[in-house]
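One-letter residues, chain by chain:
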Amino acid sequence: MRDDRHKKPRPPLDGEGLERLALFYAGRYATTRSKLKSYLHRKLKERGWQGDGPPPVERLVERFNELGYINDRAFATARASSLQRRGYGERRLDQALYAAGIAPEDAADAKEQAQSGAWDAALRFAERKRIGPFAAQEPDRAARQKALAAMLRAGHPMDLARKLTNARPGAVPNPDEL
């Protein structure tokens, strides 16, 4: 637990301080317009505002977007690649992009990438969790249902998840027979 009793209160933010915080955040984290906006609003709530007029959060976020400091489309593509490498499906990507505040038009390329790599991602997940063709032994009904539930939670479609969980150990199914 932190002891904030002896800490000096931080001064309220002005235009320069707000821009400095935004620049630090955009430089330190892979972020989106929505995340940067909520971060700046949180900092304004914590420290207050002493500038003339309302804080220029929207204008600052749009300027950072125009300068290329933040790019929602690139963020979405990178997140899609990351989730696919770990074996997650399109539905899980949709949830992650929604949580990051990515607009549907910025998410289109990432969704297309997830759809085209769905089979490989499902195989990676099955291998990581030792499901279906990567299981050590033939699972019983309860283990198969548990594996199916794990595949569905990972964001894979029902037909793909069922195909992999029903596969015998050592026999990787053909992706064309979906």
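Before reading further, recall that the structure is shown in the block above.
Residues numbered from 1 in each chain as written. Predicted model: local features only at pLDDT ≥ 70, side-chain atom pairs only at ≥ 80, totals over all residues. Heavy atoms only, no water.

Asks: When you look at helix α4 (residues 72–85) in this model, what are you seeing that I'm missing?
Replies: Taking 1.5 Å of rise per residue, 14 residues should cover 20 Å, and α4 covers 20 Å from first to last C-alpha, within 8% of that figure. Taken together, the buried positions of α4 are occupied by Asp-72, Phe-75, Ala-76, Ala-80, Leu-83 and Gln-84. The buried residues of α4 occupy an angular sector of 160 degrees when projected down its axis, which confines them to one face. In this structure, the buried residues of α4 make contact with α2 (33–47), α5 (90–99), α6 (104–116) and α7 (118–129). The N-cap of α4, judged by a side-chain oxygen 3.1 Å from the amide nitrogen of Arg-73 a few residues on, is Asn-71. The first or second residue beyond α4 is Gly-87, which carries a positive phi of 95 degrees. (Helix = DSSP H or I, 4+ residues; strand = E, 2+ residues; numbered from the N terminus. Expected span 1.5 Å × (residues − 1). Buried < 20%, exposed > 50% of the residue type's maximum accessible area, 1.4 Å probe, protein only. Arc of directions from axis to C-beta. Contact = heavy atoms within 4.5 Å. Polar contact = N/O pair within 3.5 Å; in protein donor to acceptor, adjacent residues only side chain to side chain.)

Asks: Can you help me understand the environment of Pro-55 in this one?
Replies: For Pro-55, the position within the fold is in the loop between α2 and α3 (57–67). Take Pro-55: its relative accessible area is 33%, and that puts it in the partly exposed class. A C-alpha to C-alpha distance of 49 Å links Pro-55 and Leu-160, two positions 105 residues apart in sequence.

Asks: What's the story with helix α9 (residues 158–165) in this structure? I'm lost.
Replies: Within an α-helix, residues lying three or four positions from one another point in the same direction, as the helix has 3.6 residues per turn. Looking only at α9, the buried set comprises Leu-160, Ala-161, Lys-163, Leu-164 and Thr-165. Where α9 is buried, its residues meet α7 and α8 (141–153).

Asks: I tried to follow the nonpolar core on my own but got confused; where do I start?
Replies: In summary, soluble globular proteins display a tendency toward joint burial of nonpolar side chains. Leu-93, Leu-97, Ile-102, Phe-125, Ile-131, Met-151 and Leu-164 are the most contacted members of the largest nonpolar core, which totals 26 residues. Those elements giving two or more residues to this core turn out to be α4, α5, α6, α7, α8 and α9. Among the elements that take part in this core, α7 stands out by supplying five residues, more than any other. Setting aside chain neighbours within four positions, we find Ile-131 in contact with Phe-125, Ala-126, Ala-147, Ala-150, Met-151 and Thr-165. (Core = buried A, V, L, I, M, F, W, Y, C linked by side-chain atoms within 4.5 Å.)

Asks: Teacher, can you tell me more about the packing of aromatic side chains here?
Replies: Both the distance between ring centres and the angle between the ring planes are used here to describe each pair of aromatic rings. All told, the structure shown has four aromatic pairs when counted by the stated rule. Measuring from centroid to centroid gives 4.1 Å for Tyr-25 and Tyr-39, while their planes differ by 10 degrees, and the two rings are stacked. Here the residue Tyr-25 occupies a position in helix α1 (residues 15–28), and Tyr-39 occupies one in helix α2, the gap between them amounting to 14 residues. When sorted by exposure, Tyr-25 lands in the same class as Tyr-39, which is buried. Relative to Phe-125, the ring of Tyr-88 lies with its centre 6.0 Å away and its plane at 50 degrees, an arrangement referred to as tilted. Residue Tyr-88 is found in the loop between α4 and α5, and its partner Phe-125 is found in helix α7; the two are separated by 37 residues along the sequence. (Phe/Tyr/Trp six-rings, centres within 6.5 Å; stacked < 30°, edge-to-face > 60°.)

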